[in-house]
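# Understanding the architecture of this molecule
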Amino acid sequence: MPLTSDPPIDKETVRTPPQEGPGFAELTVVPLRHPWRWVAVAATAVLLAQFLNGLITNPGWEWDVFAQFFTTETILKAVWVTLQLTFYGTVIGFALGIVLAFMRLSASPFLGAVAYAYIWAFRSIPLIVQLLFWFNLAYLYKELQFGIPFGPGFLSFDTMNLVGAMSAAVLGLALHQAAYAAEIVRGGVLAVDSGQLEAAAALGIPRLRQLRRIVLPQAMRSILPNAANEIISLFKGTSIVSVMAIGELFYQVQVVYGRNGRVVPLLMVATVWYILLTTVLSVLQYYVERHYAKGAVR
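Remember, it's a predicted structure, so these values are computed and weren't measured experimentally.

Conventions we followed
- Residues numbered from 1 in each chain as written.
- Predicted model: local features only at pLDDT ≥ 70, side-chain atom pairs only at ≥ 80, totals over all residues.
- Heavy atoms only, no water.
- Helix = DSSP H or I, 4+ residues; strand = E, 2+ residues; numbered from the N terminus.
- Buried < 20%, exposed > 50% of the residue type's maximum accessible area, 1.4 Å probe, protein only.
- Contact = heavy atoms within 4.5 Å.
- Expected span 1.5 Å × (residues − 1).
- Bend = angle between axes of the 7 residues up to and from the residue.
- Core = buried A, V, L, I, M, F, W, Y, C linked by side-chain atoms within 4.5 Å.
- pLDDT = per-residue confidence, 0-100.
- Polar contact = N/O pair within 3.5 Å; in protein donor to acceptor, adjacent residues only side chain to side chain.
- Axes fitted to C-alpha atoms, helices over the stretch in contact; angles between N-to-C directions.
- Parallel < 35°, antiparallel > 145°, perpendicular 65-115°, else oblique.
- Left-handed = near helix turned anticlockwise from the far one by under 90°.
- Nonpolar A, V, L, I, M, F, W, Y, C, P; charged D, E, K, R; others polar.

Our focus in this paragraph is the side chain of T278. As for its placement among the helices and strands, T278 is situated in helix α12 (residues 263–292). By relative accessible area, which is 17% here, T278 ends up buried. Look past the residues within four positions of T278 in its chain and what remains in contact with it is I232 and F235.

Set out below in structure tokens:
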């Protein structure tokens, strides 16, 4: 008697799988056709060809004027100013953003509240308003003093001479960038499994080493894509400092086409420079991401 409750198998009801017929090998396998995909490809190719044809043959683009001004000394100096604004805004902004991120992750409610208030305020106020505020800081404070809090000052600086147009631009861009950098860093740190920190603490690894060797290498995989986007946005966003008459790329292009009236080719000069430098930043992003992706499963 069987030990299981399954019914006995009737050998007469067991069927063998059908054998291949004699003509099975002669069948032709037809690939799946996608007619509408080819229609979309053809339509896109036609539109792209029309765009390129207009870009090359339309005399309104004035490519000769574009070539004349693309590498002039004035434009190259403006590109250098743009790169300086991007570099200082990124370094100062992310340095402050890291501090704000760990303040938000701190167990102290006061530090967390201060960091949250900073991020809320600087993400709420438009960047152009912040730039104009720092540019007019001397209107509120004639001088800055360093000394005992709420007491006498030992060292003072004239605000008008201390905070010029370039300093105000860097300060505004960096403080604005810090608010977004803080959330990017905080999100990357939170993406690391907390169990790894518990295991590291159980092994007696110091907290600073936990952060440097365990948390940050893994958090960088989440931080880098968003951080790179913010840096590229900051690079293009430097054009907004033109309201402060700083000789960055977009402002200098405006000055030139204000004199000669060649608006379109001068705008293309700025456009191509932005595209080239953004491409360089994207390539650097790729290699840095590949470095921190070692050992990760993609």
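Structure's up, so let's keep going.
Once that is clear, we can look at helix α8 (residues 165–190). Between the first and last C-alpha of α8 there are 38 Å, a value that for 26 residues agrees with the 38 Å anticipated at 1.5 Å per step. At A178, α8 shows its maximal bend, which comes to roughly 30°.

Right, let's talk about the nonpolar core for a bit. The biggest cluster of nonpolar side chains holds 25 residues, and the ones touching the most others in it are L85, L100, Y118, L173 and V241. Among the secondary structure elements, those contributing two or more residues to this core are α3 (73–105), α4 (109–124), α5 (127–135) and α8. In terms of nonpolar packing, the next biggest core, distinct from the first, is built from 19 residues, V65, V79, F235 and L266 among them.

The next subject is the confidence of the model for the protein chain. When pLDDT is averaged across the protein chain, the result is 82; 84% of the residues are at 70 or more. Within the protein chain, α4 carries the highest mean pLDDT (93), whereas strand β2 (residues 153–158) carries the lowest (67).

In this structure, E62 takes a positive phi of about 50° despite not being glycine. As for its placement among the helices and strands, E62 is situated in the loop between α1 (35–57) and α2 (63–69). Classification of E62 as partly exposed rests on a relative accessible area of 23%.

With that out of the way, let us pick up helix α11 (residues 249–260). For an α-helix, the turn length of 3.6 residues means that residues three or four places apart are oriented alike. Between its first and last C-alpha atoms α11 spans 17 Å; for 12 residues at 1.5 Å apiece the expected length is 16 Å, and the two agree. Taking the backbone nitrogen of F250 as reference, a side-chain oxygen 3.0 Å away marks E248 as the first, capping residue of α11. Once α11 ends, the next one or two residues include G261, with phi positive near 75°.

What follows covers the environment of L281. By secondary structure assignment, the location of L281 is in helix α12. Put simply, L281 and I231 are 50 residues apart on the chain and 8.5 Å apart in space, counted from C-alpha to C-alpha. With residues up to four places along the chain from it excluded, the contact list for L281 reads I232 and F235.

Attention now moves to the packing of α3 against α8. Each pair of packed helices gets described by two things: the angle between the helix axes and the distance between those axes. Running from amino to carboxyl end, α3 crosses α8 at an angle of 45°, the nearest separation of the two axes being 5 Å. As summarised for this structure, α3 and α8 are arranged oblique, according to the angle between their axes. Here α3 and α8 pass one another in a crossing that is right-handed. For the contact of α3 with α8, the class distribution of residues is 23 nonpolar, 5 polar and 3 charged.

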